[in-house]
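Architecture at a glance
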Amino acid sequence: MKFPRSWLGDHLETDASIAEIAEALTRIGLEVEGVDDRGAALAGFVVGTVVAAVPHPDAERLKLCTVDIGGGRQFEVVCGAPNARAGMTGVFAPAGTHIPGTGATLRKARIRGVESAGMLCSERELGLSDAHEGIIDLGGAAAPGSPAAAALGLADPVVEIGLTPNRADCAGVRGIARDLAAAGIGTLKPLDASPVAASFPSPVRWMRDFADGSGDACPFVAGRAFRGVANGPSPQWLRDRLTAIGLRPISALVDITNHVTFDLGRPLHVFDIARLSGDLTMRLARPGERVRALDGREYALDDQMTVIADDGGALAIGGIMGGEASGCSAATTDVFVEVALFDPRRTAVTGRKLGISSDARYRFERGVDPISALWGGEVAARMILDICGGEASAPTSAGALPTEKRRIDFDTARIASLGGVEVARGEAADILERLGFEVAQGGTSLSVAVPTWRADVEGEADLVEEVLRIHGYDAVPAVPLRAPTAVPAPSWTAVQARRGRVRRRLAANGLVEAVTFSFMPRARGSAFGEAVLALANPISARLDAMRPSILPNLLEAAERNAARGAADAALFEIGPRFAADGDQTVVAAGIRVGASAPRHWDASHRPADVFDVKGDALAALAAAGAPTDGLRTDAAGAPGWYHPGRSGALLLGRTALAWFGEIHPEILAGLDLRAAAVAFEVLLDAVPPPKPRARTARPAPRFSARQPVTRDFAFVVAEEVAAADVLSAVRGADRALIDQVVLFDVYRGAETGEDGKSLAFAVTLRPGEAGLADAEIEAAAARIVDAVSRRCGGRLRT
């Protein structure tokens with residue numbers, strides 16, 4: 001919501017500066033987002049009249065101008081502008097003035113032997129535009145010595161506030177003025193809403209045609225006709241106001257409706273009577289009905305949308321936008337002004353369905369003052385007669401205005417209990433009355449009648465807020481938290497916190513985090529699931545389905561990188577994937593394309609493979625708190641978008657916690673990637689949640705002053721035996737003593753036979769405080785050999 005300082009003066013009598021007004025607005029909850037005071041940069045510039053302009057004695061393109069700034073003060077200025085001439089009025093900058101267009105500070109200077117005591121300025125030098133061919137010509141209307149900002153129309157700062165959705169009353173300048181007056185920044189001026197005299201009966205009548213139960217779409221509508229109006233350009237003051245808040249002046253009638261909308265928060269609409277067929281009816285749209293609105297677009301309506309219609313059909317979308325067919329033009333002489341009350345919920349739903357954002361919708365969906373349907377028409381009628389001339393008809397209306405006023409019993413002790421500050425009952429009553437509430441004594445509490453423009457005030461808590469914001473939030477004392485609440489509970493659950501740990505671990509593994517859309521093309525998503533969740537209202541025709549996997553988006557990102565010369569990619573993302581039934585699960589997914597590491601003289605240059613992404617998946621699972629030592633690998637457990645035989649799943653029992661492997665060649669065939677892609681997906685929601693910490697002393701870390709013992713074992717096993725099974729057997733041989741098991745060699749040769757392989761492990765034994773005797777080491781080794789023999793059919797390689 002924007003408004004110039006001068007517009008506020010229509011409703012508020014105040015001497016406060018713009019800085020004081022901005023500070024007060026933020027203090028009472030109408031947060032100021034910015035103040036555009038273009039005149040502040042021109043404070044040193046004044047209006048000057050060129051009383052003489054003669055050629056420079058030593059330069060044919062320069063002139064020596066005598067500038068009069070009033071009060072008998074004249075300055076000699078050397079000027080090179082081609083339009084400088086005697087008798088013109090321009091903008092003069094005396095020496096010492098900061099020039100915003102150039103960033104320099106003006107000083108007296110001798111130019112070709114003649115001293116120049118100032119400057120006649122162009123628009124570029126004032127920072128107004130890039131025009132610099134000549135100096136500004138004000139046309140002689142401004143008095144010499146008066147501020148240049150005022151002569152240029154820049155002395156009126158524009159304030160912009162961030163309006164919260166509940167404050168519909170401040171969607172007009174008068175509501176803002178009312179709040180400022182309540183805060184002590186001036187006095188609210190009375191609003192002239194007296195009835196305008198009628199000269200003839202209205203040729204257009206209002207009717208309402210709603211089925212039972214739908215009359216709340218428009219409970220009341222009023223209006224009146226005007227004849228003999230002249231719809232020419234608006235007065236300059238009105239055009240300046242609309243331009244200052246970002247609106248384009250169109251014509252007097254349209255500009256008047258826009259002014260009333262922003263001035264009083266009361267949207268209006270004007271119909272050209274010559275383009276109407278019969279009377280106007282407020283009703284719901286009929287199936288298949290269409291309207292071409294004032295924005296030039298045609299909209300298809302449904303039977304839940306309110307329309308304004310004549311005998312020929314729908315003319316306007318109620319509470320949203322008028323129609324092109326009944327709009328006013330320069331030839332319009334007879335008009336009908338509509339002032340209606342529309343249902344906020346239906347207006348909001350209609351606007352979302354049609355995708356229309358308008359100033360009328362903004363106010364109606366938040367709730368306008370219902371009584372404004374009466375006085376709003378009178379204010380508009382007076383402006384039309386003053387600006388456009390003509391004469392007004394008698395008003396016509398249909399329906400009934402809501403007359404019931406909400407009353408709230410207000411125990412002022414609630415201000416202290418809810419707001420934390422003591423406010424005397426009398427002061428609270430005075431604040432509410434300044435805001436427009438009607439206050440009466442009601443026993444031990446106040447009986448407060450809510451004004452019609454405050455639809456957001458529903459109970460005691462709302463009244464506490466009103467009193468506190470005017471009394472001052474700064475008056476609320478700072479107090480320490482009580483002991484039971486001194487340490488707040490964590491805002492993240494343990495399940496949420498582990499996503500951060502997984503993110504850091506994958507980044508430490510050399511992957512770069514990506515953030516992609518949760519949408520994708522349906523054709524691409526179908527390759528990563530049996531069915532995809534299609535969108536009824538996609539953000540674009542291409543992104544028409546929810547992603548069943550994150551991998552397609554990461555592969556597309558790698559494809560874009562490769563097209564730009566970055567052939568190697570290592571990306572990951574943590575986010576949701578969506579099943580066809582709408583269910584979503586959180587997944588940490590990643591891809592590696594191209595080389596596993598940058599080229600280096602001391603390392604082999606190889607492409608990323610299955611074992612790289614298996615390591616990524618295990619690292620992510622470890623960070624998530626999964627029991628990685630208890631996982632087994634299923635070579636056939638990966639879904640169909642992985643390469644069969646070059647992929648696998650990591651299982652905990654029968655539950656898959658992760659998939660990894662090469663992407664299926666058929667999927668890669670549709671991508672412009674020069675290398676194979678390997679990927680992993682960690683199903684974070686399938687990882688068992690971390691157990692709550694016991695409130696007992698933590699066990700001491702497993703450290704010993706004794707040296708650990710490492711022994712190497714090489715086992716010959718059948719080719720089909722997985723290394724993970726052998727690892728599990730070794731670990732299970734003596735969990736109390738075995739600290740670490742690492743596979744460091746795989747060998748196939750004459751000693752292993754045609755169907756065998758040799759797997760070599762380094763096993764680290766962690767001794768206790770007493771250390772390990774040779775007999776204990778030999779016994780542990782025997783248990784390891786026995787476990788591998790029994791569980792995997794392995795034997796020690798000789």
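Throughout what follows, the structure given in this document is the object of discussion. Predicted, not measured: the structure shown is a model, and the values here were computed from it. Starting from 1, residues in each chain are numbered consecutively following that chain's sequence as written. Side-chain atom pairs in this predicted model are given and counted only at pLDDT of 80 or more, local residue features only at pLDDT of at least 70, and totals for whole chains, interfaces and linings cover all residues. Heavy atoms throughout the structure, all of them, feed into the side-chain values; hydrogens and water do not.

**So, the overall build of the protein**
- Under the DSSP-based scheme used, a helix requires at least four consecutive residues in state H or I and a strand at least two consecutive residues in state E, with every element numbered from the N terminus. Looking only at helices and strands, the protein has 19 helices and 42 strands in total.
- Atoms considered for the radius of gyration are the C-alpha atoms alone. The globule rule reads 2.2 Å times the number of residues to the power 0.38. Since a compact globule built from 798 residues should have a radius of gyration of about 28 Å, the 40 Å found for the protein marks it as more spread out than a globular shape.
- Its C-alpha atoms give the protein principal-axis dimensions of about 115 × 90 × 60 Å.
- Throughout, exposure labels follow a simple rule: accessible area from a 1.4 Å probe, protein chains only, divided by the maximum for the residue type, with under 20% read as buried, over 50% as exposed, and the rest as partly exposed. Here the protein holds 798 residues, and the buried ones make up 46% of them.
- Expressed as a percentage of contacts within the protein between residues at least 6 apart in sequence, the contacts between residues at least 24 apart total 68%.
- Surface exposure here means Shrake-Rupley accessible area, sampled with a 1.4 Å probe, where a residue is shielded only by the protein chains that are shown. Accessible surface for the protein amounts to roughly 39400 Å². Of this, 51% is attributable to carbon and sulfur atoms. Residues count as neighbours in contact if any of their non-hydrogen atoms are within 4.5 Å of one another.

**So, helix 16 (residues 610–623)**
- Between its terminal C-alpha atoms helix 16 stretches 20 Å, which fits the 20 Å expected from 14 residues at 1.5 Å a residue.
- The buried count for helix 16 comes to 10 of 14 residues, which makes it a mostly enclosed element.
- Summarising the contacts, the buried residues of helix 16 are in contact with helix 13 (494–508), strand 34 (584–593), strand 35 (632–634), strand 36 (642–652), strand 37 (655–663) and strand 38 (677–683).
- Here a polar contact means two N or O atoms within 3.5 Å. Within protein one must be a hydrogen donor candidate and the other an acceptor candidate, and residues neighboring in sequence count only if both atoms are side-chain atoms. Near the N-terminus of helix 16, the side chain that reaches the backbone nitrogen of Phe-611, with its oxygen 3.1 Å away, is that of Asp-609.
- Within two residues after helix 16, Gly-625 carries a phi angle of roughly 90 degrees, on the positive side. Working rule for helices: expected span equals 1.5 Å times residues minus one.

**Focus: the sheet that holds strand 12 (residues 118–120)**
- For two strands to be treated as a pair, DSSP must find at least two bridges joining them. A sheet is described by the order of its strands in space; here five strands give the open sequence 6-5-4-7-12, paired in antiparallel fashion. In this open sheet, the two edge strands, each paired with only one partner strand, are strand 6 (74–79) and strand 12. Direction aside, the axes of adjacent strands within the sheet are offset by 45 degrees on average. For every element, the axis is a line fit to its C-alpha atoms; helices are fit only across the contacting stretch, and the angle between N-to-C directions ranges from 0 to 180 degrees.

**Points about the packing of aromatic side chains**
- Each Phe, Tyr or Trp ring, with Trp reduced to its six-membered ring, pairs with another whose centre is within 6.5 Å; inter-plane angles below 30 degrees give stacked pairs, above 60 give edge-to-face pairs, and intermediate values give tilted ones. For the structure shown, the criterion picks out nine aromatic pairs.
- Where Trp-641 meets Tyr-642, the ring centres are 6.4 Å apart and the plane angle is 35 degrees; that geometry is what we call tilted.
- Assessed through its relative accessible area of 8%, Trp-641 is described here as buried.
- Both rings, one in Phe-713 and one in Phe-715, keep their centres 6.0 Å apart while their planes meet at 0 degrees; by these two values the pair is stacked.

**A few points about the packing of helix 13 against helix 16**
- With their axes 8 Å apart at the nearest point, helix 13 and helix 16 run at an angle of 145 degrees to one another. For the pair helix 13 and helix 16, the crossing hand works out as right-handed. In this structure, helix 13 contributes Arg-501, Val-502, Arg-505 and Leu-506 to the contact, and helix 16 contributes Asp-616, Ala-619, Ala-620 and Ala-623.
- When residues are sorted by character, Ala, Val, Leu, Ile, Met, Phe, Trp, Tyr, Cys and Pro go into the nonpolar class, Asp, Glu, Lys and Arg into the charged class, and all the rest, Gly among them, into the polar class. Within the contact of helix 13 with helix 16, the residues separate by chemical class into five nonpolar, no polar and three charged. When the near helix sits turned anticlockwise from the far one by under a right angle, the crossing is termed left-handed; a clockwise turn instead gives a right-handed crossing.

**With respect to the side chain of Arg-283**
- On the secondary structure map, Arg-283 appears in strand 18 (residues 280–284).
- Looking at Arg-283, its side chain comes within polar contact range of the side chain of Glu-289, at 2.8 Å.
- When sequence neighbours within four positions are dropped, the list of residues in contact with Arg-283 reads Asp-209, Phe-210, Glu-289, Met-305, Thr-306, Val-307, Ala-309, Gly-313 and Ala-314.

**Quick notes on the nonpolar core**
- Formed by 103 residues in total, the largest nonpolar core has its most connected members in Leu-25, Ile-161, Leu-180, Leu-280, Met-282, Phe-410 and Phe-437.
- The element best represented in this core is helix 9 (residues 372–388), accounting for eight residues.
- Not counting chain neighbours up to four residues away, the residues in contact with Phe-437 comprise Leu-432, Val-448, Ala-449, Val-450, Pro-451, Arg-454, Val-457, Leu-463 and Glu-466.
- Residues Ile-550, Ala-558, Ile-591 and Ala-679 belong to the second largest nonpolar core, which totals 28 residues. Remark: nonpolar core denotes a set of buried residues (Ala, Val, Leu, Ile, Met, Phe, Trp, Tyr, Cys) joined through side-chain atoms within 4.5 Å.

**Focus: helix 11 (residues 425–434)**
- Within helix 11, burial applies to Ala-428, Ala-429, Ile-431 and Leu-432. Summarising the axial view, the buried residues of helix 11 lie within an arc of 160 degrees, below the 170-degree limit, and thus occupy one face.
- If you follow the buried residues of helix 11, they end up packed against strand 26 (407–410), helix 10 (413–419), strand 27 (438–442), strand 28 (445–449) and helix 12 (460–471).
- Once helix 11 finishes, Gly-436 follows within two positions and takes phi at roughly 100 degrees, a positive value. Think of it as the arc spanned by the lines of direction from the helix axis to the C-beta atoms.

**Section: the environment of Arg-297**
- Along the chain, the position of Arg-297 falls in the loop between strand 19 (290–292) and strand 20 (298–300).
- Along the primary structure Arg-297 and Gly-323 are separated by 26 residues, whereas in three dimensions their C-alpha atoms are 9.7 Å apart.
- Not counting residues up to four positions away in its chain, the partners in contact with Arg-297 are Val-291 and Arg-292.

**Some details on the pattern of salt bridges**
- Definition used for salt bridges: Asp or Glu carboxyl oxygen within 4 Å of a side-chain nitrogen of Lys or Arg. In this structure the tally under the stated criterion is 39 salt bridges.
- A salt bridge links Arg-346 to Asp-216; its shortest N-O distance comes to 4.0 Å. Of the two residues, Arg-346 is situated in helix 7 (residues 344–354) and Asp-216 in the loop between strand 15 (206–209) and strand 16 (220–227); the sequence distance between them amounts to 130 residues.
- Arg-797 serves as the salt-bridge partner of Glu-751, at 3.2 Å between the closest nitrogen and oxygen.

**Section: unusual backbone geometry**
- If you check the backbone angles, Arg-112 has positive phi at about 55 degrees while not being a glycine.
- Looking at the element boundaries, Arg-112 is found in the loop between strand 10 (109–111) and strand 11 (114–116).
- Its relative accessible area of 52% is what places Arg-112 among the exposed residues.

**Describing the pairing of strand 28**
- The buried fraction of strand 28 amounts to five of the five residues, a majority that puts the element mostly inside the structure.
- Across four bridges, strand 26 lies against strand 28 in antiparallel orientation. Across the sheet, residue Asp-409 finds its bridge partner in strand 28, namely Ser-447.
- Judged from the five bridges that link them, strand 27 and strand 28 form a sheet pairing that is antiparallel. Bridged to Glu-438 within strand 28 is Ala-449.
- Between strand 27 and strand 28, which pair antiparallel and follow one another directly, the connecting turn spans two residues, one of which, Gly-443, has a positive phi of 75 degrees.

**Let's talk about the packing of helix 18 (residues 723–733) against helix 19 (residues 774–792)**
- In contact at an axis separation of 8 Å, helix 18 and helix 19 are set at 140 degrees when each is read in the N-to-C sense. On the basis of the axis angle, helix 18 is oblique to helix 19. For the crossing formed where helix 18 meets helix 19, the hand is right-handed. Of the residues in helix 19, those touching helix 18 at Asp-725, Val-726, Ser-728, Ala-729, Val-730 and Ala-733 are Arg-783, Ile-784, Ala-787, Val-788, Arg-791 and Cys-792. To sort the angles, those under 35 degrees are grouped as roughly parallel, those over 145 as roughly antiparallel, those from 65 to 115 as roughly perpendicular, and the leftovers as oblique.

**Remarks on the sheet that holds strand 40 (residues 738–747)**
- The sheet built from four strands is open, its strands ordered 40-41-39-42 with antiparallel pairing. Two strands close off the open sheet at either side, each with one partner strand: strand 40 and strand 42 (795–796).
- Two strands pair when backbone bridges link them, and strand 39 (residues 709–718) and strand 41 (residues 756–765) are joined in this way by 10 bridges, in the antiparallel orientation. Within the sheet, the bridge partner assigned to Val-717 lies in strand 41 and is Lys-757.
- Contacting strand 39, strand 40 and strand 41, helix 18 crosses the sheet at an angle of about 150 degrees to strand 40.
- Contacts between helix 19 and the sheet are confined to strand 39, strand 40, strand 41 and strand 42, with strand 39 contributing the most and set at about 20 degrees to the helix.

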